[in-house]
Amino acid sequence: MEQVAAGDVVGIGIHTANALRGYEIGKQARERGAYVVYGGIHATLFPDEGHEVGGAHAIVQGDGDKVWASALEDCASGRPQRFYLGGRVAGDEFLPARWELIPREKYMWASVQTVRGCPKHCSFCSVWKTDGQKPRQRTSDAVIREIVELRRMGFRYIALADDNFYPVTLQDLELAKRQNNDARYSELKAMRDERFELMKKLAMLPKDLIFFTQITMEAAEDTEFLNAMRDAKIKGALVGVESVTPEGLKDIYKDFNLAGDALVDRLKRFREHGIYILGSFIFGLESDRPTTFDATASVAQRADLAFAQFVTLTPFPGTVDFNRWEKMMGADLQTIGGVPITRRWLIPTPLRPKVYWPHPVMSGEEIRSRTQEVWDTFYSFKYIWQRSGFLKSTKSRLAFLLISKIYRQMYADTGIATDSARVAWSARWARWMAKPCQKLFATKPMPELQVPMG
Ligand code: SF4
C-alpha cells in the first residue's frame, strides 16, 4: 500500500467471500489519492455496494475484457464514470492476461480461461446466472499462445480456470439426436469438436506442463474425452460431487450426478485415466442427517480422490438458494455487528456465523463440528500417506503430504474453525509454507519455446 500514490488506478476484483477485505483495501487506496475501481462477480451483483462502503470511484459490471480499457482512460483523464457495463463478451474476444506485469516468484501456478459459462443450473451456484448458460469458448490458438508465454516464464502448473471444462455431454448430443433437432446437434457437436481441437494442441506442448481444471462428473462416462484429457496433460480436476445421496442431489438441482456405489465407480474412472480429482462436498443440505457425514467421508476415501473439500451450505448472492434464503429471513431481519444477516459478507469476519441455513434436525454447531471432523479424518497423516501411494518416490510422497496439509490449513481452519487464534495461526502457517512450495512448482524458463505448428 505504501507504493500507492495520488493518480494511480487501483483495480480490485472481488467475490463475495473477500468483498469486505477488498473494500478495506479500496478505502485505504482512496485515502492515498488513488482511483479505486471494483470488478468481479460480487461487484457485478451488488454494484452500488462498492460506492456505499468501499470508497469506489467506479464499478465494472460483467466481463472486464473490453470496458477495463475505458475505465483506465477515464481515470487518466480524471473523469471516471460510476459504472461500466461489460456484459458478456464473445469467446473470441477474451483477452489474455498481462503476465509480464506479475512478480513471477510470488505465484505457484498461473491460470488461463478456455470457456466461460455453464449449461447446468445448480441451486447453490451463481456461475450460470452471471457467466450465462451458453458456454463461450475461446479459440484454441489464443489459449495455446497464452500458455506458451507462461511456459517461457517458467510456469509449469497451469489452471484451466473454466466454469466447466466439459460443456457438452454425450447425453446432450443424444437428446438433440432423439429430438431430431439437427441445428442443436450441429451446434453442440461443433462445441465438442473445439474442445478436442484444444486438447490436441495442448498435447503438443512441452511434456513437463501440468494442467488442472473444473469439470462435471458426467465426463467420466466419456472415454474419448478422458483419453484426450490424459494426452493433453490435464492431470487434475475439481469435481463437484456435493452430496452422496439422491435426496441431497435433488435438494440442489444436481441430479445429473450419481450417488452411492455408482458414484464411487464413476469417480474412480477419472483416476483410471490418469486424472486426479479434488472432490467437493456440501454439508447442511435439508436431507442431510448425522449419518451423512460418515457416509460422505467413506465415499471420499473409497473413490480414489487425491484431495477433497467439505463445505457447509452457504447462500451465495446470484443463486437460487440465496433468493430462497433471503425470502425465508423475512422483513424482520437479525443483525450482527449492525449488519443485516442477508448482507452477511459485510459482517466482521470473527462475528460471522458458520452456518446460515436453518436445518430440520441438526443445529448449526452440530453441522460445523461434524464437518470439521470429516476434514480432520480425511487429512490425517495416516490417510494422506495412504493416498500418496500412487507416487513412486518418497520425495514426491512428502511433497504430496505437505501440499495436502497446506490445503487443509488454508481451507478448513479458516473456513469452519471457531477458535480465532487457530484461524490466525493457520493463515500464517499456510503463507509461510507456501514459500518453499513455490520452488517445488516452478521450473526453468524456456524463453525459446515456440507455438507448435499443426
Ligand atoms: S456448480 Fe458447476 S455444474 Fe453446477 S452450475 Fe455451477 S459450474 Fe455448472
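This text follows the structure it describes.
Residues numbered from 1 in each chain as written. Predicted model: local features only at pLDDT ≥ 70, side-chain atom pairs only at ≥ 80, totals over all residues. Heavy atoms only, no water.

A. The sheet that holds strand S10 (residues 234–242), seen in detail. Ordered by their spatial adjacency, 6 strands build an open sheet running S5-S8-S9-S10-S11-S12, and the pairing between neighbours is parallel. Edge positions in the open sheet fall to strand S5 (110–112) and strand S12 (307–312), since each of these has one partner strand only. For this sheet, the mean inter-axis angle between neighbouring strands, taken without regard to orientation, is 20 degrees. Packed onto the sheet, helix H6 (residues 140–153) meets S5, strand S8 (157–160) and strand S9 (210–215) and runs at close to 170 degrees relative to S5. Along the sheet, helix H12 (residues 290–302) contacts strand S11 (276–283) and S12; its crossing angle with S11, the most-contacted strand, is approximately 175 degrees. (Pairing = 2+ DSSP bridges. Helix = DSSP H or I, 4+ residues; strand = E, 2+ residues; numbered from the N terminus. Axes fitted to C-alpha atoms, helices over the stretch in contact; angles between N-to-C directions. Contact = heavy atoms within 4.5 Å.)

B. Spatial organisation of helix H13 (residues 320–329). All of the buried residues in H13 are Val320, Asp321, Phe322 and Trp325. In the core, the buried residues of H13 are packed alongside helix H5 (127–130). Remark: Gly330 follows H13 within two positions and exhibits a positive phi of approximately 70 degrees. (Buried < 20%, exposed > 50% of the residue type's maximum accessible area, 1.4 Å probe, protein only.)

C. Representation of the pattern of salt bridges in the model. Scanning the model with the defined rule gives 27 salt bridges in all. A salt bridge links Lys66 to Glu93; the nearest nitrogen and oxygen atoms lie 3.1 Å apart. Highlighted residues: Lys66 in the loop between strand S3 (58–62) and helix H4 (67–76) and Glu93 in the loop between strand S4 (83–87) and S5, separated in sequence by 27 residues. What makes Lys66 partly exposed here is its relative accessible area of 47%. Assessed through its relative accessible area of 32%, Glu93 is described here as partly exposed. (Salt bridge = Lys/Arg side-chain N within 4 Å of Asp/Glu carboxyl O.)

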